[in-house]
Amino acid sequence: MTTNIEAEAAFREQNNAALIAALDETGPGEAESAWELDVLNDAEHGRWTASLGPEAIAELSYRFVGGRVVLLTTWVDPAYRHHRVATELMARVLDEIRESGKKITVTSPPGRRTAASSRSRRRR
């Protein structure tokens with residue numbers, strides 16, 4: 001089986017653009033969790049963390065690959081799941097990356113769902 005690397009890269013780029021555009025279209029209330037979260041970039045460990053007070057309750061790991069930020073996996077403490085913590089973390093991380101001007105690749109399935117489900121935010 002042969003793989004056309006250029007076609008695959010173009011497909012991935014198009015898919016990522018659609019996912020990020022989807023998140024941009026989510027209204028602010030749709031991406032916010034039930035709590036006041038602090039989101040910090042822990043560059044030393046390659047992750048953004050969401051904290052509630054002193055407790056880290058979620059993280060989004062990433063790597064830099066060829067000038068891109070590749071978002072890898074999302075984890076949320078079981079006690080805080082189903083309260084939009086991952087959605088808010090992903091939205092805030094995407095905003096920060098966008099502001100830096102870097103390109104983004106989303107590989108985590110929850111991240112893809114978050115980006116896809118929030119497509120309506122930027123259109124409003």
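Preceding this paragraph is the structure being described.
Structural notes, computed from the coordinates. Only a predicted model underlies this, so the values are computations on that prediction, with no experimental measurement involved.

**Observations concerning the sheet that holds strand β1 (residues 38–42)**
Point 1. On the basis of which strands lie adjacent, the open sheet formed by 5 strands has the order β1-β2-β3-β4-β5 and mixed pairing. Either end of the sheet is taken by a strand with one partner, and the two such strands are β1 and β5 (103–106). Across this sheet, the average inter-strand angle for adjacent strands is 25°, counted without regard to direction.
Point 2. Sheet analysis places strand β2 (residues 47–52) next to strand β3 (residues 55–65), joined by 6 bridges and oriented antiparallel. Paired with Trp 48 across the two strands is Leu 60, which belongs to β3.
Point 3. Against the sheet, helix α3 (residues 85–100) makes contact with β1, β2, β3, β4 (68–76) and β5, and its axis sits at roughly 165° relative to β4, the strand it touches most.

**As for the environment of Ser 100**
Point 1. With respect to the helices, strands and loops of the structure, Ser 100 is situated in helix α3.
Point 2. Engagement of the side chain of Ser 100 in a polar contact is seen with the backbone oxygen of Ile 97, the distance being 2.6 Å.
Point 3. Looking at Ser 100, its side chain comes within polar contact range of the main-chain nitrogen of Lys 102, at 3.5 Å.

Basis of the calculations
Residues numbered from 1 in each chain as written. Predicted model: local features only at pLDDT ≥ 70, side-chain atom pairs only at ≥ 80, totals over all residues. Heavy atoms only, no water. Pairing = 2+ DSSP bridges. Helix = DSSP H or I, 4+ residues; strand = E, 2+ residues; numbered from the N terminus. Axes fitted to C-alpha atoms, helices over the stretch in contact; angles between N-to-C directions. Contact = heavy atoms within 4.5 Å. Polar contact = N/O pair within 3.5 Å; in protein donor to acceptor, adjacent residues only side chain to side chain.

In short, the description is geometric, and any link to function would need to be established separately.
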